[in-house]
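Here's the letter readout for the chains.
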Amino acid sequence: MTGEFVGRVREADLLAARLDEARSGRGRLVLITGEPGIGKTRLAQETVARAAAAGVPVAWGRASDDEGSPPYWIFRQIVSAGRQAAACPRRR
């Protein structure tokens, strides 16, 4: 990550709390929404970095502005990433 992360303290804290809950077995789905350019991707990247630092596996999906994208495209990407991660042996 480059640059300082500013302006999303409340949201980052909420996502950190959800990450802690997931690590203790109480996972849930969190959806980050908003207008283009307000920092959704950066907020997600910061949360992913925090998860990776804690050893939590992460799957990433991205929406497409293309009206022709397949149904449930984001979820299909996430399932595919999860399958790939499960097929790779973990280093310890």
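Up top is the structure these notes are about.
Values in this document were obtained by computation on a predicted structure and should not be read as measured data.

A. Representation of the overall build of the chain within the structure. The secondary structure content of the chain amounts to 3 helices and 0 strands. The linear arrangement of helices and strands in the chain, starting from the amino end, is α-α-α. Here the C-alpha coordinates of the chain stretch approximately 40 × 40 × 30 Å along the principal axes. The buried share of the chain, taken over its 92 residues, is 10%. For the chain, the proportion of contacts with a sequence separation of at least 24, taken over those separated by at least 6, is 43%. Across the chain, the 15 positively charged side chains and the 10 negatively charged ones have centroids separated by 10 Å.

B. Summary view of the environment of Gly 27. Position of Gly 27 among the secondary structure elements: in the loop between helix 1 (9–23) and helix 2 (40–53). Using a relative accessible area of 53% as the deciding quantity, one classes Gly 27 as exposed. Once you skip the residues sitting within four places of it in the chain, Gly 27 turns out to touch Glu 21 and Ala 22.

C. View of unusual backbone geometry. Its identity is not glycine, yet Tyr 72 carries a phi of approximately 55°, on the positive side. Assignment of secondary structure puts Tyr 72 in the loop between helix 2 and helix 3 (73–87). With relative accessibility at 64%, the residue Tyr 72 sits in the exposed group.

D. Structural view of helix 1. The terminal C-alpha atoms of helix 1, which comprises 15 residues, lie 21 Å apart, in line with the 21 Å expected from a rise of 1.5 Å per residue. Those residues of helix 1 that sit buried are Ala 12, Leu 15, Ala 16, Leu 19 and Glu 21. Packed against the buried residues of helix 1 are helix 2. Note on helix 1: the residue one or two positions beyond its end, Gly 25, has a positive phi of about 95°.

E. Representation of the environment of Ser 64 in the model. If you trace the backbone, Ser 64 turns up in the loop between helix 2 and helix 3. As a C-alpha pair, Ser 64 and Ala 51 span 13 residues in sequence and 25 Å in three-dimensional space.

F. Quick peek at helix 2. A rise of 1.5 Å per residue sets the reference length of helix 2, with its 14 residues, at 20 Å; its end C-alpha atoms lie 20 Å apart and thus fit the reference within 8%. When we look at burial in helix 2, the residues that qualify are Leu 43, Ala 44, Thr 47 and Ala 51. Here the buried residues of helix 2 occupy an arc of 95° about the axis, which is enough to place them on one side. Residues Ala 52 and Ala 53 are exposed on helix 2 and point more than 90 degrees away from its buried face. A positive phi of about 80° marks Gly 55, the residue just after helix 2.

What counts as what
Per-chain numbering applies: the sequence of each chain, read as written, is numbered from 1 onward. The predicted nature of this model means local features are confined to residues of pLDDT at least 70 and side-chain atom pairs, given and counted, to a pLDDT of 80 or more, with totals for whole chains, interfaces and linings taken over all residues. Heavy atoms from the whole structure form the basis of all side-chain values; hydrogens and water molecules are not counted. Runs of H or I in DSSP of at least four residues are treated as helices and runs of E of at least two as strands, each being numbered from the N terminus. Type-normalised accessible area, obtained with a 1.4 Å probe on protein chains alone, sets the label of each residue: buried when under 20%, exposed when over 50%, and partly exposed for intermediate values. It only takes one pair of heavy atoms within 4.5 Å for two residues to be counted as in contact. In summary, the charge assignment counts Lys and Arg as positive and Asp and Glu as negative, without counting His or the chain termini. Where a charge lies is defined by one atom per residue type, namely NZ (Lys), CZ (Arg), CG (Asp) and CD (Glu). The length a helix should cover is 1.5 Å for every residue beyond the first. Directions are taken from the helix axis to each C-beta atom, and the arc is the one they span.

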